[in-house]
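Remarks on the overall topology
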Amino acid sequence: LKKQKKNRSAFCLRGSQISITPHNSLSVPQAAPVAVFKLTQDFNNDQFPNKVNLGVGAYRTDEGQPWVLPVVKKVEKIIVHDDRLNHEYLPILGLPEFRSSASKIVLGDNSPAILENRVGAVQCLGGTGALKIGAEFLRRFYNGSNNTKTPIYVSAPTWENHNAVFSSAGFEDVRPYRYWDAEKRGLDLAGFLGDLESCPEHSVFVLHACAHNPTGTDPTQEQWKQIAEVMMRRKLFAFFDSAYQGFASGSLEKDAWAVRYFVSSGFEMFCAQSFSKNFGLYNERVGNLTVVARDADNLKRVLSQMEKVVRITWSNPPSQGARIVTITLTSPELFSEWQENVKTMANRVLLMRSQLKAKLQALGTPGTWDHITDQIGMFSFTGLNPKQVEYLVKEKHIYLMASGRINMCGLTTKNIDYVAESIHEAVTKVQ
Amino acid sequence: MALLKSSKVIYCLGNISPSLGVLSTRNSSWWGGVQMGPPDPILGVTEAFKKDTNPKKMNLGVGAYRDDQGKPFVLSCVRKAEAIIAAKQLDKEYLPIGGLAEFSKACAQLALGPENEVLKSSRSVTVQTISGTGSLRIGANFLARFHPGPHDVYLPKPSWGNHTPIFRDAGMQLKAYRYYEPSTCGFDFKGALDDISKIPEQSIILLHACAHNPTGVDPRPEQWKEIADIVKKRNLLVFFDMAYQGFASGDIDRDAWAVRHFIENGHNIVLSQSFAKNMGLYGERVGGFTVVCKDAEEAKRVESQLKILIRPIYSNPPVNGARIAATILNTPELRSLWLEEVHGMANRIIKMREQLVAGLKKNGSSHNWQHVIDQIGMFCFTGLKPEQVERLTKEFSVYMTKDGRISMAGVTSGNVGYLADAIHAVTK
């Protein structure tokens with residue numbers, strides 16, 4: 001992101017000599033494609049009949065197809081037939097009923113913070129958009145007025161876009177906190193707590209609410225309590241990223257436990273919510289930035305400033321997805337139906353996990369495979385090394401991230417044998 | 001050891017940030033020092049309007065079209081497109097970062113004309129954006145990162161209120177060129193040429209393609225030609241903002257004339273488009289950002305960088321509105337219907353302009369209101385002063401922006417008389 005000052009002055013001269021326009025072919029380099037999308041592109045171009053896509057994080061049915069939730073289909077019909085609905089601008093902060101019902105989903109209907117009128121929200125474009133608005137706000141207001149140097153801690157590893165969201169919001173110091181223990185294939189709690197103890201006070205920590213991406217490894221409730229204790233004592237800011245509520249365990253309450261615990265512990269915090277996965281509304285860009293503040297007055301001022309950030313980013317958010325979610329969440333029948341749809345997805349993932357582990361064990365694949373069922377959510381950090389991953393991609397036409405992350409949703413009863421056998425091959429043949 | 005370290009950090013940070021002292025008590029808030037932000041000057045008008053209980057109230061603030069009953073207008077072509085889309089039972093998979101390809105293609109064709117050499121040689125890139133604002137923001141971010149010339153953006157005086165904060169937040173500097181002449185309520189052509197001729201080379205100039213917001217004052221084609229020439233002489237990068245294609249004259253090709261002329265004239269422009277107004281898709285957030293490059297290879301490089309800019313903001317754009325727009329543009333009967341409906345909206349506004357002036361004349365106003373008829377598009381720059389605007393709001397519940405801009409789209413045959421009375425009352 002460094003401004004290429006040297007180049008710029010050279011190009012000014014060159015620009016006027018070479019062409020009419022200031023665009024100089026040297027000044028815009030080709031950017032590398034985003035890895036996860038490149039993976040899907042390669043998969044799409046592959047002609048191998050038994051190819052498997054275990055890359056990008058979207059749910060698939062056992063037929064390997066995208067799944068529009070039945071409740072979503074129902075609600076879309078309601079919307080298209082409702083003549084009272086139009087396409088007018090939403091308020092800058094979004095559809096009010098969406099914001100409040102979405103916040104209730106993560107905090108619980110009877111959250112004391114909600115009852116105390118100190119919870120607000122901003123409807124955003126997906127989880128990414130919610131992170132973005134939160135990040136932009138923090139950079140302007142968190143600890144004084146210029147937080148470009150405030151450290152932002154993201155887990156090692158984390159969703160690859162976390163880094164870019166915070167650095168593009170102006171944070172110059174985005175650092176990893178220890179999280180994944182590759183050797184024991186689990187949470188590096190000591191490392192995590194160590195980083196919490198030694199980081200600069202007032203640092204911001206991006207926490208995965210559940211179903212950690214990419215490792216699928218979440219702290220236990222006891223571990224979360226320890227994390228919260230250190231964060232409260234050292235005045236660290238909790239910025240939750242909740243992209244899989246309901247998807248992880250099948251239970252909305254269970255998956256929101258950590259967020260709710262932090263709220264009850266008295267934190268002021270942000271929670272970026274995505275409805276891409278749990279509603280299957282990926283391309284409608286439905287997200288919510290829930291803000292928990294000390295009191296209503298602080299909340300009001302925070303929202304007013306977030307409004308200004310929104311206005312210069314996208315003015316106001318898209319209405320379709322928010323409508324679908326709102327109608328669903330505010331109707332008891334539809335809400336129940338939605339919960340069933342979410343359980344369907346979560347259960348299929350759990351089934352694939354247990355079957356994959358069972359098959360690897362039956363094959364006698366070297367190593368332990370408990371982590372496949374210990375891990376939670378859409379992803380599994382298999383522990384495969386880059387060479388083994390390359391083998392799978394090139395030789396077996398099984399597409400997964402270089403990190404060894406697989407999307408469990410890419411597994412089906414029809415391809416699971418092939419995948420298990422291929423993993424077995426990779427592990428035994430490639431070191 | 002940790003305690004020592006942290007107290008050192010507090011000391012250091014304390015010197016930088018006095019508000020840290022506030023954080024020492026557990027019950028204090030992180031946000032104690034956050035000031036209340038002012039209401040948005042444009043969207044805030046609607047908020048205030050909603051709270052007003054006067055039955056005669058009029059919302060002439062935000063540029064959202066209303067039918068002659070004062071109701072939001074959902075275009076028939078939109079409803080038809082929605083029905084077609086619903087029947088297809090499509091999935092909800094993520095769009096690519098750059099958006100729905102059929103939309104981006106149609107969006108570019110609408111602006112440039114399908115036979116445009118730029119499109120035939122693939123030397124432009126168009127990405128789907130979050131309506132016009134999102135497009136301007138991506139454009140501003142792109143220029144901030146890659147523009148090799150001065151990072152000064154020249155806006156017409158006045159311009160849409162949100163232009164300045166968008167470019168500023170992206171790290172650009174804002175400057176201005178003369179545009180609106182208050183004494184005539186028209187175009188200050190001489191002043192514009194004069195100012196533009198002095199803009200340092202390779203700076204960025206933002207031009208409203210048609211239906212200038214807020215003034216409604218557009219250059220005539222001969223004037224556009226002279227502007228294009230002088231802009232070329234100064235070697236400026238042209239950033240067109242086209243939010244009202246179809247709305248200005250009722251004819252989409254006529255409204256895109258300036259954009260197409262500049263391209264023909266050799267300018268590799270950047271362009272923001274919005275479908276909020278001309279398709280009534282406000283809340284669906286449909287827009288496009290186009291960069292015209294020197295060749296297809298450069299266009300590919302630019303596209304890759306636009307994706308890098310988009311991803312950390314919202315990953316990929318919303319599908320619904322783009323699908324509606326693409327369906328309309330790519331289905332001949334719907335496209336024809338759309339063109340008719342846009343024409344209809346533009347005509348209703350023109351009629352309201354005429355009726356407003358007639359009403360003012362009837363009231364015996366001594367002022368010259370010709371500009372109300374001459375101005376183009378959704379907005380009218382009345383020429384009213386802030387005190388008069390305030391009186392209109394307080395005494396008559398007529399809501400508009402402080403600069404005297406009214407959205408003619410909010411005027412109906414039912415309330416144009418009331419408006420004429422109110423304006424006359426505060427100007428006589």
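Please read all numbers here as calculations on a predicted model, not as lab measurements. (Residues numbered from 1 in each chain as written. Chains lettered and ligands numbered in written order. Predicted model: local features only at pLDDT ≥ 70, side-chain atom pairs only at ≥ 80, totals over all residues. Heavy atoms only, no water.)

Further remarks concern the confidence of the model for chain B. All names here are of chain B. Looking at chain B as a whole, its pLDDT mean stands at 92, while 94% of the residues score no less than 70. In the model, residues 1-26 has pLDDT below 50 throughout and makes 27 contacts with residues more than four positions away in sequence or in other chains. Here the predicted complex carries an ipTM of 0.92, next to a pTM of 0.92. (pLDDT = per-residue confidence, 0-100. Contact = heavy atoms within 4.5 Å.)

Before going further, it helps to examine the packing of aromatic side chains. Between two aromatic rings, the relevant description is the distance of the centres plus the angle of the planes. The final tally for this structure, using the stated rule, is 51 aromatic pairs over all chains. When the centroid spacing of 5.7 Å and the interplanar angle of 85° are considered together, the rings of F166 of chain A and F239 of chain A count as edge-to-face. Taken together, the residues span a long stretch of sequence, with F166 of chain A in helix α7 (residues 160-168) and F239 of chain A in strand β8 (residues 237-242) at a distance of 73 residues. Considering the side-chain rings of Y282 of chain A and Y94 of chain B, the 5.1 Å spacing of their centres and the 70° angle between planes classify their relative orientation as edge-to-face. Placement of Y282 of chain A in the loop between β9 (269-274) and β10 (287-292) and of Y94 of chain B in the loop between α3 (76-88) and α4 (101-112) is noted, with the two residues assigned to different chains. (Phe/Tyr/Trp six-rings, centres within 6.5 Å; stacked < 30°, edge-to-face > 60°. Helix = DSSP H or I, 4+ residues; strand = E, 2+ residues; numbered from the N terminus.)

Moving on: the pattern of salt bridges. Taken as a whole and assessed by the stated rule, the structure comprises 42 salt bridges over all chains. Taking the shortest distance from any N to any O, the salt bridge between R140 of chain A and D169 of chain B comes out at 2.6 Å. Within this pair, whereas R140 of chain A is found in helix α6 (residues 126-141), its partner D169 of chain B is found in helix α7 (residues 163-169), the two belonging to separate chains. D169 of chain B sits in the partly exposed class, given a relative accessible area of 26%. (Salt bridge = Lys/Arg side-chain N within 4 Å of Asp/Glu carboxyl O. Buried < 20%, exposed > 50% of the residue type's maximum accessible area, 1.4 Å probe, protein only.)

Moving on, we get to the interface of chain B and chain A. Each partner contributes residues to the interface: chain B has 96 residues there, and chain A has 92 residues. Counting the surface chain B buries against chain A, the share from its top three residues, W30, W31 and K92 of chain B, is 12%. Summed over the shared surface of chain B and chain A, the number is six salt bridges. In this structure, the salt-bridge partner of E160 of chain A is R311 of chain B, at a minimum N-O distance of 2.9 Å. Summed over the shared surface of chain B and chain A, the number is 37 residue pairs in polar contact (both at pLDDT 80 or more). Looking at the side of chain B that touches chain A, the elements with two or more residues in it are α1 (2-16), α3, α6 (131-146), α7, β10 (286-292), α12 (296-314) and α13 (319-330) of chain B. Considering only residue class, the side of chain B that touches chain A consists of 47 nonpolar, 27 polar and 22 charged. (Buried area = accessible area lost by both parts, 1.4 Å probe. Polar contact = N/O pair within 3.5 Å; in protein donor to acceptor, adjacent residues only side chain to side chain. Nonpolar A, V, L, I, M, F, W, Y, C, P; charged D, E, K, R; others polar.)

Turning to the sheet that holds β9 of chain A, a few remarks are in order. Sheet strands pair via backbone hydrogen bonds, and the direction of the pair is either parallel or antiparallel. Residues and elements named next belong to chain A. With mixed pairing, the seven strands of this open sheet are ordered in space as β2-β10-β9-β8-β7-β3-β4. One side of each edge strand has no neighbouring strand; the edge strands of this open sheet are β2 (119-124) and β4 (174-178). Pairwise comparison of adjacent strand axes, ignoring direction, gives a mean angle of 25° for this sheet. Note that strand β7 (residues 204-208) and β8 share five bridges and pair parallel. Counterpart to V206 in the pairing with β8 is F239. Across the sheet, helix α8 (residues 189-198) is in contact with β4 and β7; its angle to β4 comes to roughly 135°. (Pairing = 2+ DSSP bridges. Axes fitted to C-alpha atoms, helices over the stretch in contact; angles between N-to-C directions.)

A word on unusual backbone geometry. Between A156 of chain A and P157 of chain A the backbone carries a cis peptide bond, its omega angle lying at 0°. Positionally, P157 of chain A belongs in the loop between β3 (152-156) and α7. Note the cis peptide between N213 of chain B and P214 of chain B, where omega equals 20°. As for its position among the elements, P214 of chain B is in the loop between β7 (204-208) and α9 (221-233). If you check the backbone angles, A211 of chain A has positive phi at about 50° while not being a glycine.

Moving on to the pairing of strand β8 (residues 237-242) of chain B. Residue and element names in this part refer to chain B. Of all six residues that make up β8, six are buried, and the element is covered over most of its length. What you see with β8 is no split at all: L237, F239 and D241 on one side and V238, F240 and M242 on the other are buried throughout. In the sheet, β7 pairs with β8 via five bridges, with the strands oriented parallel. The partner of L207 across the bridge, within β8, is F240. In this fold, the crossover linking β7 to β8 by way of α9 has right-handed handedness. The sheet contact formed by β8 and strand β9 (residues 270-274) spans four bridges and is parallel. Residue pairing for β9: F240 is matched across the bridge by L271. (Right-handed = clockwise from strand over helix to strand, strands pointing away.)

On to helix α11 (residues 257-264) of chain B, then. All names here are of chain B. In terms of burial, α11 is largely enclosed, as six of its eight residues are buried. The set of residues buried in α11 consists of A258, V259, R260, H261, F262 and I263. Immediately downstream of α11, the backbone of G266 shows phi near 100°, a positive value.

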